[in-house]
Amino acid sequence: MKFFNTMGRAVEEFNPINPAEVGLYTCGPTVYNFAHIGNFRAYLFEDILKRSLEYNGYKVKHVMNLTDVDDKTIRDSQAAKIPLNDFTAKYKKAFFEDLDKLRIERADVYPEATTHIPEMIRTIQTLIEKGYAYQSDDKCVYFSIDKFPEYGKLAKIDRENQRAGVRINTDEYAKDSVADFALWKAWDEKDGDVKWDSPWGEGRPGWHIECSAMSMKYLGKTFDIHTGGVDNMFPHHEDEIAQSESANGCRFVNYWLHCEHLTIDKKKMSKSLGNFYTLRDLEAKGYTGREVRWVLIGTHYRAKLNFSIGALDAARAALAKFDTLFARLKAAPAGDALLAEATAAAAAGKADFTAAVSEDLNISKALSALFVLVKTAGRLLAEGVQASGAKVLLDQFRDFDRVFGALDVDVEKKEEAPAVDAPAEVLELVAARTEAKKAKDFAKADAIRDQLKEMGWSVVDKPTGPVPVKL
Ligand code: AMP
Ligand code: ZN
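The rules we used
Residues numbered from 1 in each chain as written. Chains lettered and ligands numbered in written order. Predicted model: local features only at pLDDT ≥ 70, side-chain atom pairs only at ≥ 80, totals over all residues. Heavy atoms only, no water. Phe/Tyr/Trp six-rings, centres within 6.5 Å; stacked < 30°, edge-to-face > 60°. Helix = DSSP H or I, 4+ residues; strand = E, 2+ residues; numbered from the N terminus. Buried < 20%, exposed > 50% of the residue type's maximum accessible area, 1.4 Å probe, protein only. Lys NZ or Arg CZ within 6 Å of the ring centre and 35° of its normal. Domains from an automatic or database assignment. Contact = heavy atoms within 4.5 Å. Buried area = accessible area lost by both parts, 1.4 Å probe. Salt bridge = Lys/Arg side-chain N within 4 Å of Asp/Glu carboxyl O. Polar contact = N/O pair within 3.5 Å; in protein donor to acceptor, adjacent residues only side chain to side chain.

Draft legend 1. Representation of the packing of aromatic side chains in the model. Using the criterion set out here, one finds 30 aromatic pairs in the structure. With 5.3 Å between their ring centres and 75° between their planes, Tyr55 and Phe353 make a pair best called edge-to-face. With a gap of 298 residues between them, Tyr55 in helix α1 (residues 37-55) and Phe353 in helix α10 (residues 339-358) connect regions that are remote in the sequence. Relative accessible area serves as the criterion here: at 8%, Tyr55 is assigned to the buried category. By relative accessible area, Phe353 is classed as buried at 0%. Measuring from centroid to centroid gives 6.3 Å for Phe397 and Phe400, while their planes differ by 80°, and the two rings are edge-to-face. Of this pair, Phe397 and Phe400 both sit in helix α12 (residues 387-404), three residues apart, roughly one helical turn. The residues Phe397 and Phe400 share a single accessibility class, namely buried. Through a chain of ring-to-ring contacts, the aromatic side chains of Tyr55, Trp294, Phe322, Phe326, Phe353, Phe371, Phe397, Phe400 and Phe404 assemble into a single cluster. In this structure, Lys195 packs its charged tip against the face of Trp187, placed 5.2 Å from the ring centre.

As structure tokens, this is what we get:
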């Protein structure tokens, strides 16, 4: 396999440290809110990466951290007047529910920051002992970037312009504020009762040290692949590299993979801009996790993907076509007609698909292998392919789905569109409109649609029936 390694900005052959088990670390969510589909684009890219490794015969040990203590979780749990752990528990649960709906394979371990404080303290101690970190007057412990000459090698930071001696104790900052960053943050009133004892007084860890300490615990000092969204590159991953390589004296990660942003109207989807959808928002509009997955995996991970609701409708139509094709193949009559043709098409499809996913996860080529086989299957059905040929084709679609995770060759009953919470009068009008349409009284049906619109609702006709959608 080949991957684009952000470290060298080049496509490189993948050579795992231990081919029997690839180590994969993916930065996980900060559990202070529902993750939005921009975040899920990153997690779905990682899912496609992991599934593609598995498709190529690798066993993967996958670790994803859960950031359950940081500036944002503390701020929002206090605003909600809920203890930190109870507050984050709600969003952890929601995160796992969303992962399942999006059919993302579970990681092997989801270490939480709050249950790994001793590991982080030990790493910070090592950094102080080795002279890479110091406690400053404000009682916080900082990493001294001057001690690590390679600082900036991932994000390609111009070291000449770094401001020596400047310190920063917020977790997120821009490239123009490169500075010594906090490893341990001394307690202050804003933290309330969120604090742990340490050799440097009460406080809490910085965000970056979390991933260094936890990746080392579960994957070792050097491991194969580390991923995240492009915005994680700086400062988060740069700081992880500085901490881990200084503490351990060896290379931290062999392959860095970063996915581009999901945008909306060409702007990054983000909580701070408020231009986001959660999976729940889209479910409330009647879309399924399967459809959201299909949209988010369909663009190569290193290209920006501009999201629109229209793309979900296109995904629904595409997936419905596959469903119909699979049903027709399953209904093929017994016999061997066109078996040789089906076998040749499946083998060619598999070869193209394997080459595609191995080439830095080339999803467009993988989709094209799928569409070519869909087309051929349609032709063979028209020409009278019988059950044994149809089975070969169905098996190949099942095989593709090990990576896509959305084809549903064997799902007889399709996922229902999620129930929509609409007031009784809206539901009654929707039912009345359906009746009017059945009676071919389209004028009445349209009048009801207008009435619903005035009430702030529209009706979307789904395969499962009409669904009211809030405007
Ligand atoms: P955060 O909770 O902000 O740390 O983000 C979690 C993950 O989602 C990180 O890997 C981010 O890089 C990624 N991410 C955040 N916003 C987007 C976006 N609009 N598109 C793609 N990935 C994103
Ligand atoms: Zn991380």
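Draft legend 2. Molecular detail of the domain arrangement of the protein. If you check the domain split of the protein, you get domain 1 (19-260), domain 2 (320-413) and domain 3 (424-470). Just the C-alpha atoms count here: the centres of domain 1 and domain 2 sit 41 Å apart. Each partner contributes to the interface: domain 1 provides nine residues, whereas domain 2 provides 14 residues. Summed over both partners, the interface of domain 1 with domain 2 buries about 1000 Å², with 54% contributed by carbon and sulfur atoms. Contact with domain 2 buries surface across domain 1, with Arg51, Tyr55 and Arg103 losing the most and accounting together for 60% of the total. On the surface where domain 1 and domain 2 come into contact, there are one salt bridge. With its nearest N and O atoms 2.6 Å apart, the salt bridge here joins Arg103 to Asp408. On inspection of domain 1 and its partner domain 2, the count reaches five residue pairs in polar contact (both at pLDDT 80 or more).

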